[in-house]
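Overview (structure and organization)
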Amino acid sequence: MTATPELIRIRNYIDGKWTDEAGAKTIPLFNPSDGKQIGEVPLSTAEASTTAIASCHRAYDEWRRQPIGRRVKYLFDMRRAMEDRREELAHSIAIDQAKHISEARGEVQRVIEIIETACSIPTLIQGETLENIGANIVGRVVRQPLGVFCGVAPFNFPALVFGWFIPFAIGVGNTFVFKPSPQSPYFMQKMCDIFSQIGLPPGVINVVNGDHVPTAAWYDDPRVRGICMVGSSPTARKIAEAAGRAGKRTMLLGGAKNYLVAMEDLPWDLFIENYLNSCYGSAGQRCLAGSIVAAVPEIHDELVERIVAASRKMKVGSALDPNIHIGPVISADARARIERCIDVGVRQDKAKLVLDGRNPEVPPEIKGGYYVGPTIFTEATPEMSIVQTEIFGPVAAVIKVENLDHALRLIRAQEVGNGACIFTQNLYYTEKFIAEADVGMVGVNVGVPAPHPYLPFGGIKQSLVGTDKAQGRDGIDFFTQNKVATVRFAQPAAGRLTADASKEASGPKTSAVKSCTAS
């Protein structure tokens, strides 16, 4: 008789300790690769969230006063611990989020690189000084932390979103309450072990699990100074409204629908390789997936033939199988929604389904998993649902465009503006695309235009609610506030003034023009 594997017990991490909320309900945690339950996730209440906020608030004053080198040392230690446990961390992502193990390793590596960038905070946070703005007067700008921040992660990047928010937030002196997705919380359990391992002071980072309920406590609590989220645009707008009423900062990255523009001089092998990664990587569940291919007439038919042939070779299966290319989607509900979108594309949009990824062949032992294979529509047009909707699965729509100007018009017409890529060897096409593509992140001969950690990540239009993007200098700007000091200095008097001289010196002065600043 085979023993039943022990369920993973997801717990909150508050004030440096694992905690369980009395009476909290739980929901099952599944492995999408086989559909089996692997754990239980607590549905924390608003009270648990308030407790986490209080812990962060208590820790804040002492944490912000730590020498900056000491705060950064914790980041170095965090990075080192992640290096030592990188395979364990990648495995945790592949189990509950079911990102293929090769991609999970890549996500962990990117977070390590982000933390490396955050370790340069002593340089990034430096202020400004302006001498001689008046007689013996110096102006100074200093960057300071604000207090408690809170953040929500989506299911699809449990590690990366942690990296976008927390290293920059705590590195500059804030404290943080983090809520992982209830569908992929296991990575953060491992990170909490690392927080304890490196001796991070209690309350600097607290983790609360659950659905939307714990976040309700954030908006009206005056101790919370800002809220971060990656998710859908409608959710981002709701958070912006609630946070805005309380005057809180927000960093809100929303939805997307991204174009890959293929010109007549595209480098074919490079394009095919990048198309497969862009459209099918993470099973299409990422905000920079290239789900619309805009091809000019000269190469349209050949492009369709090539991407269909290459896509047929993509193997679907368990996220832990090193010999497959595409893992499952996150849940049975997600699979059903993707399949409905494919059905709409056929029945309502009347697009041509040239590759159908529904019900792909997988080994019998993982038949219970949530699989969708590569899917390609051709003869798509901009008004179709499959072109307008962020399907969040391995589904691509091919549009024939007249030329580059036509492709740029389609990109500008979108309500969202996260990313777009062009494949060409023509410098004119390249520069025109960079200048005129109405998106926040542009790629040239790359399929996923995700910036490296030193540069800001984020879209424009409805893909970014607010003004601040993640990572790089933008992350520093969001998690700090500027304070301006105006300082007058003078040489000390040689001796005490006489009574008459003191009266004369302190008397009122008359002037035809009085400055509104120190002078």
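The paragraphs below set out a description of the structure included in this document.

Conventions used here
- Residues numbered from 1 in each chain as written.
- Predicted model: local features only at pLDDT ≥ 70, side-chain atom pairs only at ≥ 80, totals over all residues.
- Heavy atoms only, no water.
- Buried < 20%, exposed > 50% of the residue type's maximum accessible area, 1.4 Å probe, protein only.
- Helix = DSSP H or I, 4+ residues; strand = E, 2+ residues; numbered from the N terminus.
- Pairing = 2+ DSSP bridges.
- Right-handed = clockwise from strand over helix to strand, strands pointing away.
- Polar contact = N/O pair within 3.5 Å; in protein donor to acceptor, adjacent residues only side chain to side chain.
- Contact = heavy atoms within 4.5 Å.
- Axes fitted to C-alpha atoms, helices over the stretch in contact; angles between N-to-C directions.
- Salt bridge = Lys/Arg side-chain N within 4 Å of Asp/Glu carboxyl O.
- Phe/Tyr/Trp six-rings, centres within 6.5 Å; stacked < 30°, edge-to-face > 60°.
- Lys NZ or Arg CZ within 6 Å of the ring centre and 35° of its normal.
- Expected span 1.5 Å × (residues − 1).

Every second residue of strand β14 (residues 292–295) is oriented toward a common face, with Ile 292 and Ala 294 on one face and Val 293 and Ala 295 on the other, all of them buried. Examined bridge by bridge, strand β13 (residues 259–262) and β14 share four bridges and lie parallel to one another. From the neighbouring strand, Leu 260 faces β14, where its bridge partner is Val 293. Between the parallel elements β13 and β14, the chain passes through helix α9 (residues 268–280) in a crossover that is right-handed. The pairing of β14 with strand β17 (residues 395–400) spans four bridges and is parallel. Pairing of Ala 295 across the sheet is with Lys 400, part of β17.

Our next topic: the side chain of Asn 156. By the element assignment, Asn 156 lies in the loop between β8 (148–152) and α6 (160–171). Judged by its relative accessible area of 6%, Asn 156 falls in the buried class. Side-chain polar atoms of Asn 156 contact the backbone oxygen of Gln 285, separated by 3.0 Å. Those residues in contact with Asn 156 that sit more than four places away from it in its chain are Gln 97, Lys 99, Glu 107, Gln 285, Arg 286, Cys 287 and Phe 392.

Here seven strands make up an open sheet; going across it, the order is β15-β16-β17-β14-β13-β19-β20 and the pairing mixed. The two strands at the open ends of the sheet, each matched to only one other strand, are β15 (352–355) and β20 (441–444). Neighbour-to-neighbour, the strand axes of the sheet open up by a mean angle of 20°, direction not taken into account. Against the sheet, helix α11 (residues 332–347) engages β15, β16 (375–378) and β17, with an angle of about 20° to β16.

With that out of the way, let us pick up the pattern of salt bridges. This structure, assessed with the given rule, holds 25 salt bridges. Arg 80 is paired through a salt bridge with Asp 77; the nearest N and O atoms lie 2.9 Å apart. Of this pair, Arg 80 and Asp 77 both sit in helix α2 (residues 68–84), three residues apart, which is roughly one turn of the helix. Here Arg 80 falls in the partly exposed class, since its relative accessible area comes to 45%. Classification of Asp 77 by relative accessible area gives buried; the value is 15%. The closest approach of N and O atoms between Asp 477 and Arg 143, which form a salt bridge, is 2.7 Å. Placement of Asp 477 in helix α15 (residues 472–478) and of Arg 143 in strand β7 (residues 137–144) is noted, with a sequence separation of 334 residues between them. On the basis of relative accessibility, which here comes to 35%, the residue Asp 477 falls in the partly exposed class. Given a relative accessible area of 25%, Arg 143 falls into the partly exposed group. Each of the salt bridges in this network shares a partner with another, and the network as a whole consists of Arg 79, Glu 83, Arg 86 and Glu 116.

By the definition in use, this model includes 17 aromatic pairs. Geometrically, the ring pair formed by Tyr 13 and Phe 195 is tilted, given 6.2 Å between the ring centres and 55° between the ring planes. Residue Tyr 13 is found in strand β2 (residues 12–14), and its partner Phe 195 is found in helix α7 (residues 186–197); the two are separated by 182 residues along the sequence. For Phe 195, a relative accessible area of 0% corresponds to the buried category. Judged by centre distance (6.4 Å) and plane angle (25°), the rings of Phe 165 and Phe 176 are stacked. With Phe 165 in helix α6 and Phe 176 in strand β9 (residues 175–179), this pair connects stretches of sequence that are 11 residues apart. In terms of burial, Phe 165 and Phe 176 fall into one category: buried. Here the aromatic residues Tyr 13, Trp 18, Phe 162, Phe 165, Phe 176, Phe 178, Phe 187 and Phe 195 are joined through ring pairs into a cluster of three or more. The ring of Phe 157 carries the charged tip of Lys 99 above its face, separated from the ring centre by 3.6 Å.

Glancing now at α2. Given a rise of 1.5 Å per residue, 17 residues ought to cover 24 Å, and the 25 Å separating the end C-alpha atoms of α2 matches this to within 8%. Every buried residue of α2 is accounted for by Arg 71, Val 72, Tyr 74, Leu 75, Asp 77, Met 78, Ala 81 and Met 82.

Turning our attention to unusual backbone geometry. In this structure, Ser 282 is a non-glycine residue whose phi angle is positive, near 55°. Here Ser 282 shows up in the loop between α9 and β14. Its relative accessible area of 7% is what places Ser 282 among the buried residues. In this model, Asn 445 sits at a positive phi of 60°, which is unusual for a non-glycine residue. Assignment of secondary structure puts Asn 445 in the loop between β20 and β21 (460–461).

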